[in-house]
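# Working through the structure, step by step
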Amino acid sequence: MERVQINHNVDYSRVIQGFWRTKDWQKSTQELNRFIHELVELGVTTMDHADIYGDYSCEALFGKALALSPELRDKIQLISKCGIILPTDRLELFDGHRYDLSKSHIVGAVDRSLKSLGTDYLDTLLLHRPSPLMNPDEVRAALDTLVEQGKIKSFGVSNFSNTQYDLLNSDIKSHKLHIAVNQLQVSPYHAEPMYDGTIDHMYQEGVKIMGWSPLAGGKLLNLNDDKAKSVMSIISPIAFKNNVAPTSVITAWLAKHPATIMPIMGTGQIEHMQDAVKGLEVELSDQEWFDIYVAVLGQDIP
Ligand SMILES: NC(=O)c1ccc[n+]([C@@H]2O[C@H](COP(=O)([O-])OP(=O)(O)OC[C@H]3O[C@@H](n4cnc5c(N)ncnc54)[C@H](OP(=O)(O)O)[C@@H]3O)[C@@H](O)[C@H]2O)c1
């Protein structure tokens, strides 16, 4: 599996596994442990989490499964996110729905994630969402602390527009801190970042893109959805021609973009992940890529 260099001491697998839906998979600890082993054997070593997933429960489910095979820790990259507060019975502090990018919240959230995941460092910490109340100095102070304590090896953002990225980056770069990744919603269903300037700017800045919901959360495979139906009417014959699953073509379409988009698959089935990974071997022609793009846009290019 191709590797993508994130900073001087972290690299990711080109295809990433997301753990948002861990609770829905209803896997036992042993089954989840087996799944992690299978992912690593497939070369999918990068694992995306967030504190809030599954009502603040998914990281701990993963942590229990990882604890059965501690030797796996050095073979995988753990990403987690913080900054969203959702009301939950699990944590008394969290009594509303808001964003919090204060130093105390970020540092506290990382400590909670490390405890749940059963590790003493994150390969990458991401701010989950931009906040209108973000004070870059607070974020910088949190990062200084976390880097000094050895709790994070790299840092990034998620769902940040170009101006939100610039605001934060211009502050933290003076402290030799670096925004390494921006995790964005991008798929052959939701292609806005490809034409609203976000991916162009990240490419220019050398920031790698993690693409969340590459199958639009499974919607692309739901043929009751008119847009999905139209996009899949282009993808399916290409898949047939290459003797691969339609999801392989979706990975190939994202991978062809020169900015290095790493799809984060949300499947809980290793066979589905195998199909996605296979897409890295599928070479789409420029015409095939544009045929899919036009179907996503819903109109021809000018
Ligand atoms: N930063 C953010 O704001 C943000 C937001 C949302 C998600 N994320 C990240 O992105 C990850 C992926 O999101 P997602 O779960 O929406 O991704 P997705 O890969 O677009 O959708 C996954 C869903 O599609 C289903 N599916 C149906 N047929 C499939 C097939 N043939 N192959 C693969 N999947 C199939 C999966 O079910 P099966 O399990 O049955 O395959 C699963 O329910 C999350 O886990 C999370 O890490 C980040």
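Residues numbered from 1 in each chain as written. Predicted model: local features only at pLDDT ≥ 70, side-chain atom pairs only at ≥ 80, totals over all residues. Heavy atoms only, no water.

Condition: UniProt positions are given in the numbering used here, feature names are shortened, and annotations may be inferred rather than shown by experiment.
Going by the annotation in an unreviewed UniProt entry, the name recorded for the chain is Alpha/keto reductase family protein, with Staphylococcus carnosus given as the source organism. Checking UniProt for the chain, the heading Sequence similarities (unreviewed entry) contains the comment "Belongs to the aldo/keto reductase family. Aldo/keto reductase 2 subfamily."

### Here's the deal with the packing of aromatic side chains
The condition that has to hold: Paired rings are identified among Phe, Tyr and Trp, the last through its six-membered ring, by centres lying within 6.5 Å, and are further divided according to the angle between planes into stacked (under 30 degrees), edge-to-face (over 60) and tilted (the rest). Summary of the burial criterion: residues with accessible area below 20% of their type's maximum are buried, those above 50% are exposed, and those between are partly exposed, where the area comes from a 1.4 Å probe applied to protein chains only. A ring is considered to have a charge above it if a Lys NZ or an Arg CZ atom is located within 6 Å of its centre and within 35 degrees of its normal.
In total, this model carries 8 aromatic pairs according to the counting rule given. A ring pair is formed by F19 and W25, whose centres lie 5.7 Å apart and whose planes are at 65°; its orientation type is edge-to-face. Comparing F19 with W25, the two get one shared label, buried. Each residue in the set F19, W25, F35 and F62 is aromatic and connected to the rest through ring pairs, giving one cluster. Here R73 stacks its cationic end above the ring of Y121, 4.0 Å away from the centre of that ring.

### Re unusual backbone geometry
Here is the rule we go by: Secondary structure counts use DSSP, requiring at least four H or I residues in a row for a helix and at least two E residues in a row for a strand, with both numbered from the N terminus.
The phi dihedral of Y56 falls on the positive side, at around 60°, and the residue is not glycine. As for its position among the elements, Y56 is in helix α3 (residues 53-56). Residues other than glycine seldom take positive phi values, yet N243 does so here, at roughly 60°. Inspection of the secondary structure assignment puts N243 in the loop between α10 (226-242) and α11 (246-255).

### Some remarks on the site of the ligand
Note the cut-off: Working definition: residue near molecule or strand if any one of its non-hydrogen atoms lies within 4 Å of it. A 3.5 Å cut-off defines polar contacts: any pair of N or O atoms within that distance qualifies, except that in protein one atom must be a possible hydrogen donor and the other a possible acceptor, and neighbouring residues in sequence count only when both atoms are side-chain atoms. Here the accessible surface of atoms and residues is derived via Shrake-Rupley with a 1.4 Å probe, and residues count as covered only by protein chains that are part of the display.
Residues in contact with the ligand amount to 28 residues; listed here are only the nearest, R21, D48, S213, T267 and H272. With respect to the ligand, the side chain of Y53 contributes an N or O atom lying 3.5 Å from a nitrogen atom. A distance of 2.9 Å is found between an oxygen atom of the ligand and a side-chain nitrogen or oxygen belonging to N159. A total of 900 Å² of accessible area belongs to the ligand in isolation, and the protein chains cover 86% of it.

### A look at the layout of surface pockets
Here the idea is plain: a probe the size of a water molecule rolls over the atoms and shows the empty space left. Short version of the rule: Only protein atoms enter the calculation, which uses a 1 Å grid: trapped sets of points that fit a 1.4 Å probe without letting it out are cavities, open sets showing protein on both sides within 12 Å along at least five of seven lines are pockets, and any residue with an atom within 4 Å of a point is a lining residue. Grid points are joined across faces, edges and corners, and a volume is the space filled by probe spheres set on the points. Throughout, the ten residues Ala, Val, Leu, Ile, Met, Phe, Trp, Tyr, Cys and Pro are labelled nonpolar, Asp, Glu, Lys and Arg are labelled charged, and all others, Gly among them, are labelled polar.
Looking at the largest pocket, its volume works out to about 600 Å³. Together, 30 residues line the largest pocket, and W20, R21, S213, I264 and G266 are the ones closest to its centre. The set of elements that each furnish at least two residues to the lining of the largest pocket consists of β12 (261-265) and α12 (270-278). No other element matches α12, which puts 3 residues into the lining of the largest pocket. Taken together, the residues that form the lining of the largest pocket break down as 12 nonpolar, 13 polar and 5 charged. Looking at the second largest pocket, its volume works out to about 270 Å³. Partitioned by chemical class, the residues of the lining of the second largest pocket number 5 nonpolar, 6 polar and 4 charged.

### Here we look at the side chain of T251
Here T251 is to be found in helix α11. Among the residues examined, T251 registers a relative accessible area of 2% and is labelled buried.

### Comments concerning helix α13 (residues 286-297)
To keep it simple, the criterion reads: Working rule for helices: expected span equals 1.5 Å times residues minus one. Each direction from the helix axis to a C-beta atom contributes to the arc, which is the arc of those directions. By definition, residues are in contact when any of their heavy atoms lie within 4.5 Å.
Its 12 residues place the ends of α13 16 Å apart at the C-alpha level, agreeing with the 16 Å of an ideal helix rising 1.5 Å per residue. For α13, the complete set of buried residues consists of E288, W289, I292, Y293, A295 and V296. Taken around the axis of α13, the buried residues stretch over an arc of 160°, which confines them to a single face. Relative to its buried face, α13 has exposed residues pointing more than 90 degrees away, namely D286 and Q287. Elements in contact with the buried residues of α13: α8 (192-195), α10 and α11. Once α13 finishes, G298 follows within two positions and takes phi at roughly 80°, a positive value.

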